[in-house]
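Breakdown of the fold
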Amino acid sequence: MLTVLISSVIRCIDPLKSEEAKDLLLNEIELNWEFQTETNIQAIELNQHVEEDYFLFIEELVSNQPNGEVEHDLEVLLEKRIWTRPWILRRKERGSSALLLEELRCEDIGEFKSILRMSPDIFDILLSCVAPKIQRMNTIMREAIPAKVKLEITLDFLSSGINYRKLSHFYRVSRSSICKFIPEVCVEIYKALKENIKLPINNEEWAEIENGFKNRWNFPLCYGAIDGKHIQIVAPDNSGSIYFNYKKVFSIVLLAIVDDDYCFRYIDVGACGMASDGSVFRNCSIYNKLENNLLPNGGVIVADGAFPLKPYMMKPYLTQVTI
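Note that the coordinates shown come from a computational prediction; the quantities given were computed from them, not determined experimentally. (Residues numbered from 1 in each chain as written. Predicted model: local features only at pLDDT ≥ 70, side-chain atom pairs only at ≥ 80, totals over all residues. Heavy atoms only, no water.)

**Side note on the overall build of the protein**
Within the protein, the regular secondary structure consists of 15 helices and 7 strands. The buried share among the 323 residues of the protein stands at 37%. Summing over all exposed atoms, the protein offers an accessible surface of approximately 19,700 Å²; the carbon and sulfur share of this is 53%. (Helix = DSSP H or I, 4+ residues; strand = E, 2+ residues; numbered from the N terminus. Buried < 20%, exposed > 50% of the residue type's maximum accessible area, 1.4 Å probe, protein only. Areas by Shrake-Rupley, 256 points an atom, 1.4 Å probe, with all protein chains shown as cover.)

Encoded structure:
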């Protein structure tokens, strides 16, 4: 992830076989970004994002250009290039992470939860788990985006589906950065929390869930509630209609079982949107376990009408009965 800048620059320009272009570029780097030099330009470490941005800049410069035009194009690009837009640089003072979310954290926790779908305390716990993995190094060119801002943007996107442009304006972070780090943050959230989504492993843990349903919902011998959720997607290429669901959109299916406190105990995600909840259930990994008496004491899980009626699964009547 960390590289030496000079070797990266030379590696990009090398196909040109132009020593003049190399010398000019190194001189411009020294002048514009104030690199300290003695007999050679000092090597500095750059994080992955800075390296990739710099590669794009160099490739734009050198692709399909005759050697004689490289020096002129290099000068023009160096004059016109904007490293960071000015309004983004004011993120610390005017971004929503510094203003609105901080106000809601102190004054209106309910609205804070409506944006990020969790309380400030839970947010801080999650941040402590993922921050070491998503925080990048600051460089002499710019400061890295704080892990807190990355997590806020990711949770806002997951909860609302708001587009990247609006997130960019709201948090004062570039769209290119947002589209890059949201998948990275999601992966780290999964890694940090995957051990929290698990089925009970002994009778004591099953009994704890059963007591919760009995005391909180007045439903004895219940060990979970199951349902499916369609997650809207952009249809993959050449996928036909297999992801097209009854809501007339393309989706994949999230099948989940939760306990009495709405905590996820089992998930299966990725089934094609055209599949029904019952079909997804029959093909998930927990189906055979339930068929082989996974639940203790003849208990059940509750489901809606889309699921099959089983000895271990209770569902409502399909039609309303008037007495």
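**A few points about a nonpolar patch on the surface**
Taken together, the side chains of Ile197, Phe264 and Ile267 define a hydrophobic patch exposed on the protein surface, amounting to about 230 Å² of accessible area. Positionally, isoleucine 197 belongs in the loop between helix H12 (175–193) and helix H13 (203–217). (Patch = residues over 30% accessible without salt bridge, like charges linked within 9 Å, V, L, I, M, F, W, Y side chains within 5 Å. Salt bridge = Lys/Arg side-chain N within 4 Å of Asp/Glu carboxyl O.)

**With respect to the sheet that holds strand E3 (residues 222–232)**
One open sheet holds the 5 strands; their spatial order is E5-E4-E3-E6-E7, and the pairing between them is mixed. Since the sheet does not close on itself, it has two edges, and those belong to strand E5 (264–272) and strand E7 (313–314), each with one partner. Relative to strand E6 (residues 300–302), E3 runs parallel, the two sharing 2 bridges. Its bridge partner lying in E6, cysteine 222 is registered against valine 300. The sheet strands contacting H13 are E3, strand E4 (251–258) and E5, and the helix crosses E3 at an angle near 85°. (Pairing = 2+ DSSP bridges. Contact = heavy atoms within 4.5 Å. Axes fitted to C-alpha atoms, helices over the stretch in contact; angles between N-to-C directions.)

**Description of helix H10 (residues 147–160)**
For H10, with 14 residues, the first-to-last C-alpha span of 20 Å sits near the 20 Å given by 1.5 Å per residue. Those residues of H10 that sit buried are Ala147, Val149, Lys150, Leu151, Glu152, Ile153, Thr154, Leu155 and Asp156. (Expected span 1.5 Å × (residues − 1).)

**Thoughts on the pairing of E3**
Of the pairings in the sheet, the one linking E3 to E4 comprises 8 bridges and is antiparallel in character. In the sheet register, glutamine 232 faces E4, and the bridge partner there is serine 251.

**Structural notes on the environment of isoleucine 301**
Structurally, isoleucine 301 can be placed in strand E6. Residue classification places isoleucine 301 among the buried residues on the basis of a relative accessible area of 2%. Expressed as a C-alpha distance, the spacing of isoleucine 301 and leucine 221, which sit 80 residues apart in the sequence, is 8.7 Å. In contact with isoleucine 301, other than residues within four places in its own chain, are Tyr223, Gly224, Ile226, Ile257, Leu290, Leu295, Tyr312, Met313 and Met314.

**Overview of the side chain of aspartate 259**
In this fold, aspartate 259 is placed in the loop between E4 and E5. Overall, aspartate 259 belongs to the buried group, its relative accessible area being 7%. Polar contacts involving the side chain of aspartate 259 include one to the main-chain amide nitrogen of aspartate 261, which spans 2.9 Å. A distance of 3.1 Å separates the side chain of aspartate 259 from the side chain of arginine 265, its partner in a polar contact. Contacts of aspartate 259, omitting those with residues within four sequence positions, involve Ile209, Phe213 and Arg265. (Polar contact = N/O pair within 3.5 Å; in protein donor to acceptor, adjacent residues only side chain to side chain.)

**Brief notes about the nonpolar core**
Core analysis: the largest hydrophobic core is formed by 26 residues, its most contacted members being Leu151 and Ile153. Listed by contribution, the elements that provide at least two residues to this core are helix H7 (100–107), helix H8 (109–116), helix H9 (120–134), H10, helix H11 (164–171) and H12. In terms of residues, this core owes the most to one element, H9, which gives 6 residues. Leucine 151 has contacts with Phe123, Leu126, Leu127, Val130, Val185 and Ile189, leaving out every residue within four places of it along the chain. Ile286, Ala303, Phe307 and Tyr312 belong to the second largest nonpolar core, which has 21 residues in total. (Core = buried A, V, L, I, M, F, W, Y, C linked by side-chain atoms within 4.5 Å.)

**Digging into the packing of aromatic side chains**
Two measures describe an aromatic ring pair: the distance that separates the ring centres and the angle between the ring planes. Inspection of the entire model under this criterion finds 8 aromatic pairs. Ring centres 6.3 Å apart and planes at 85° place the aromatic pair phenylalanine 112 and phenylalanine 123 in the edge-to-face group. Within this pair, whereas phenylalanine 112 is found in helix H8, its partner phenylalanine 123 is found in helix H9, the two being separated by 11 residues in sequence. Residue phenylalanine 123 is classed as buried on the basis of its relative accessible area, which comes to 0%. On the basis of an interplanar angle of 85° and a centroid distance of 6.2 Å, the ring pair of tryptophan 217 and tyrosine 262 is categorised as edge-to-face. With tryptophan 217 in helix H13 and tyrosine 262 in the loop between E4 and E5, the pair connects residues that are 45 residues apart, well separated along the chain. Given the relative accessible area of 43%, tryptophan 217 is considered partly exposed. The rings of Phe281, Tyr287 and Phe307 are connected pair by pair, giving a single aromatic cluster. (Phe/Tyr/Trp six-rings, centres within 6.5 Å; stacked < 30°, edge-to-face > 60°.)

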